[in-house]
Amino acid sequence: MMNIYRLIKLVATDRLPTPFKILGLWGLHVSRRRLIGVYLDPVMACNLRCRMCYFSDEVRWQRNYGGRVFSKAELDRVERALFHRALKFQIGCGAEPTLYSDLLDLVVRGKRAGIPYISLTTNGQLIVSGRIDLPQLVAAGLNEITLSAHGMRAETYEYLMPGADFSDFEKLIDILAEIKAERPNFKIRFNFTVNSFNVDDLSGDNFWQVWRRVQPDIVQLRPVQKLGETAWRDFDLTVLKKLYNQTIGNVLAECRRRSIVCMAPTLEQLDDVASEQNGVTALVEDLTYCYISPGQCYQDDFDLKKDTYESYHRRVRTGWRLFGAAWGSVRSRKSNVSKKLNYTVK
């Protein structure tokens, strides 16, 4: 039988005719297979004020969110309603999860629910401080860390990430090296957002200097894009295009040489940072992408106090929508401009 991960990937690509894609998604849905990704922000706050992030607009952020935190009762409801259908559980999406007081509880909940893959997305500064015991999280079932950084040298790292210390970043890499030595299947994913100020950090050997003791399993290079009001104002990609071969292309080539998976846009894809989302793509995301934060859960009309995955989709007739879409026009509850970037995986 085809691996469930491969099947979902096949449904989401262009390798199948549209009706077969939708029927595949329908089959996963009605057979009660795991097919959603749960992306949870347990606390709406951050310890840094990165210039390219909406947290740099502190007044507006505090007014809109005020550092709200998930309660245990709310997490109980999320676990009951959604975890049994999750393929992946990502802790941290649009905020800094290491500010949450009990990350271990989240990992234990995910593992108890049988979620196959649990990931933590973080800037990592509080791991070095000792606030977070990363080896304990890994022992409890954490499969991956996604480390976000905006510089590979002290001057770029600390300028673009106010509040961060580059020496702590280097210490974090050492911690990851020790974990990786004991648990080689633990994955290190590295997410780097490229702009006109830090683009040279991808040239020559600059990107690799901190990776002396361990190397990432996956590298993701993201061109800067406007995500709300931020302190960063330069969203012109002209410099990135001009220097593409010696920067982004340089890291791509070295990742290939080191057998590291690299997710990065081609030169032609740099302008496609936001694309119209409709048809099968929107339908797949509408069903499978589950973002949760204090005050928000999955869909706007999902009632966390009453709904489960099954009761909600019965109410909105998702099975019938999917089955009908296979034979007619594809309609989704979502039709918008996606901020998910276009990549070529090398």
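Please read all numbers here as calculations on a predicted model, not as lab measurements. (Residues numbered from 1 in each chain as written. Predicted model: local features only at pLDDT ≥ 70, side-chain atom pairs only at ≥ 80, totals over all residues. Heavy atoms only, no water.)

**Student:** For this particular structure, what's the right way to read the overall build of the protein?
**Tutor:** Looking only at helices and strands, one finds 14 helices and twelve strands in the protein. When each of the 346 residues of the protein is scored for burial, the buried share is 51%. Taking contacts inside the protein between residues at least 6 apart in sequence as the whole, the part at least 24 apart equals 79%. Summed over its atoms, the accessible surface of the protein is roughly 16200 Å², and 50% of this surface lies on carbon and sulfur atoms. (Helix = DSSP H or I, 4+ residues; strand = E, 2+ residues; numbered from the N terminus. Buried < 20%, exposed > 50% of the residue type's maximum accessible area, 1.4 Å probe, protein only. Contact = heavy atoms within 4.5 Å. Areas by Shrake-Rupley, 256 points an atom, 1.4 Å probe, with all protein chains shown as cover.)

**Student:** Would you explain the packing of aromatic side chains in this entry?
**Tutor:** Within a pair of aromatic rings, the relevant descriptors are the distance that separates the centres and the angle that separates the planes. Taken as a whole, this structure holds 16 aromatic pairs when the rule is applied. Ring geometry for Phe 83 versus Phe 89: centroids 4.9 Å apart, planes at 50°, classification tilted. Ring plane angle 70° and centroid distance 5.5 Å describe the contact between Tyr 157 and Phe 166, whose orientation is recorded as edge-to-face. Comparing Tyr 157 with Phe 166, the two get one shared label, buried. By way of ring pairs, the aromatic residues Tyr 157, Phe 166, Phe 169, Phe 190, Phe 192, Phe 207, Trp 208 and Trp 211 are connected into one cluster. (Phe/Tyr/Trp six-rings, centres within 6.5 Å; stacked < 30°, edge-to-face > 60°.)

**Student:** Would you mind going over helix H11 (residues 248-258) with me for this structure?
**Tutor:** One turn of the α-helix equals 3.6 residues, which is why residues spaced by three or four share an orientation. Of all the positions in H11, only Ile 248, Gly 249, Val 251, Leu 252, Glu 254 and Cys 255 are classed as buried. Taken together, the buried residues of H11 touch strand E6 (218-223) and strand E7 (261-264).

**Student:** Explain the confidence of the model for the protein to me, please; I cannot follow it from the model alone.
**Tutor:** Reading predicted coordinates in detail is not appropriate for stretches of low pLDDT. Counting all residues, the mean pLDDT for the protein is 86, and 84% of those residues have values of 70 or more. Taken element by element, the predicted model of the protein shows its lowest mean pLDDT in strand E11 (residues 336-338) (45) and its highest in strand E3 (residues 117-122) (98). Long-range and interchain partners of residues 335-339, a stretch whose pLDDT sits below 50, account for 17 contacts in this model, where long-range means more than four residues apart. (pLDDT = per-residue confidence, 0-100.)

**Student:** What is the right way to look at the nonpolar core in this model?
**Tutor:** Nonpolar side chains tend toward joint burial in soluble globular proteins. Ranked by internal contacts, the top residues of the largest apolar core, which has 99 residues, are Leu 82, Leu 134, Phe 207, Trp 211 and Leu 221. Residues within four places of Phe 207 in sequence aside, it is in contact with Met 152, Phe 190, Asp 201, Leu 202, Val 219, Leu 221 and Val 251. (Core = buried A, V, L, I, M, F, W, Y, C linked by side-chain atoms within 4.5 Å.)

**Student:** Explain the pattern of salt bridges here, please?
**Tutor:** Any two side chains of opposite charge can pair, on the condition that their charged atoms come close. Enumeration according to the criterion identifies 18 salt bridges in this entry. Taking the shortest distance from any N to any O, the salt bridge between Asp 76 and Arg 109 comes out at 2.9 Å. Of the two residues, Asp 76 is situated in helix H4 (residues 72-82) and Arg 109 in helix H5 (residues 103-112); the sequence distance between them amounts to 33 residues. The residue Asp 105 makes a salt bridge to Arg 109 at a minimum N-O spacing of 2.8 Å. With Asp 105 and Arg 109 both in helix H5 and four residues apart, the pair spans about one turn of that helix. A residue is classified by how much of its surface remains accessible, and Asp 105, at 17% relative accessible area, is buried. Overlapping salt bridges bring together Lys 72, Asp 76, Glu 79, Asp 102, Asp 105, Arg 109 and Arg 112 as one network. (Salt bridge = Lys/Arg side-chain N within 4 Å of Asp/Glu carboxyl O.)

**Student:** What's the story with the environment of Gly 37 in this structure? I'm lost.
**Tutor:** Note on placement: Gly 37 falls in strand E1 (residues 36-40). Owing to a relative accessible area of 9%, Gly 37 belongs among the buried residues under this scheme. A sequence separation of 253 residues divides Gly 37 from Cys 290, and the C-alpha atoms of the two residues are 5.8 Å apart.

**Student:** Teacher, can you tell me more about a nonpolar patch on the surface here?
**Tutor:** A cluster of nonpolar side chains, contributed by Trp 320, Phe 323 and Trp 327, occupies part of the molecular surface with about 420 Å² of accessible area. Relative to the elements of secondary structure, Trp 327 occurs in the loop between helix H14 (318-325) and E11. (Patch = residues over 30% accessible without salt bridge, like charges linked within 9 Å, V, L, I, M, F, W, Y side chains within 5 Å.)

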